[in-house]
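The residues making up each chain are set out below.
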Amino acid sequence: MANNSNEENGGLHIFDKSGEYLKHVLCTSNPFGLAVINKSDIAASFYKEKLIKIYDSDHFKVKHVLLDGYYVFGLSVESDCLVAAVRNTGIHFINYSSGKILKILPSDIDLLTYVHMIGENTLITDYEKDILYCRNRDGETVWKYSSDAMKGPRNICTDTVGNIFVAAFVSDSIIAISSNGNDSKKLLCVQDGLKNPKAICFSATTSTLLVVSQTGTALKYNLSYS
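Residues numbered from 1 in each chain as written. Predicted model: local features only at pLDDT ≥ 70, side-chain atom pairs only at ≥ 80, totals over all residues. Heavy atoms only, no water.

Draft legend 1. Local environment of the overall build of the chain. Counting secondary structure elements, the chain contains zero helices and 22 strands. Relative to the compact-globule value of 17 Å for 226 residues, the chain shows a C-alpha radius of gyration of 17 Å, a close match. A principal-axis box enclosing the C-alpha atoms of the chain has dimensions of 40 × 40 × 30 Å. Every one of the 226 residues in the chain was classed for burial, and the buried ones make up 48%. If you sum the accessible surface of the chain, you get close to 11,500 Å²; carbon and sulfur atoms cover 48% of it. Across the chain, the 22 positively charged side chains and the 24 negatively charged ones have centroids separated by 1 Å. (Helix = DSSP H or I, 4+ residues; strand = E, 2+ residues; numbered from the N terminus. Rg over C-alpha atoms; globule rule 2.2 N^0.38 Å. Buried < 20%, exposed > 50% of the residue type's maximum accessible area, 1.4 Å probe, protein only. Areas by Shrake-Rupley, 256 points an atom, 1.4 Å probe, with all protein chains shown as cover. Lys, Arg positive; Asp, Glu negative; His and termini not counted. Charge placed at Lys NZ, Arg CZ, Asp CG, Glu CD.)

Draft legend 2. Seen up close, the sheet that holds strand S16 (residues 153-158). One open sheet accounts for four strands, arranged S16-S17-S18-S19; its pairing is antiparallel. At either margin of the open sheet sits one strand with a lone partner, and together these are S16 and strand S19 (184-188). The sheet shows a mean angle of 30° between the axes of neighbouring strands, taken without regard to direction. As paired elements, strand S18 (residues 173-177) and S19 share four bridges and run antiparallel to each other. Bridge pairing links Ile 174 to Leu 188 in S19. (Pairing = 2+ DSSP bridges. Axes fitted to C-alpha atoms, helices over the stretch in contact; angles between N-to-C directions.)

The structure is reproduced here in structure tokens:
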């Protein structure tokens, strides 16, 4: 987990798969986005330092740096492609192995922050306008979703069958949306323990959602399908 804080507990916090706390990795500035690239490499973005750092997953030492000089926020990964939400520039597609920028999609979102890649499409939230966009590799909008239940959408994740989960910060809820954007439901709310959710991650091995709030509370929910 990335703790975007200037306080002593800021930095990266490492847990094992059972939730046991392992270590605290101090960082030179506030980490924001995280993406597991493969078994040995983890990417973390630092918007104050304006770069992405690649850590080894064993000792959490910095192996190399990407996008030096860019205001990088959210990260996502698909195969060998690392996707970054870069403020004032757009969505960057980067070949992780070479570090080469493959494509930049300009963005019309003023405060571009969160991005999630799913197949050939990219999911982006605009938390000022309460919209989730699904856009293709050419930057064209395939569909967009908005509702009164999804206010202040932040981070995004997907499960193995393409369902989309959005952390709605203002409406204190998790919204589940079908892969085509046509169907949706409020999956979790205040009654389930949510308060200002910002980060969300799906585990395919355990079929669970991990949701972290603004206050730092981390909650795990088991998903069932009917």
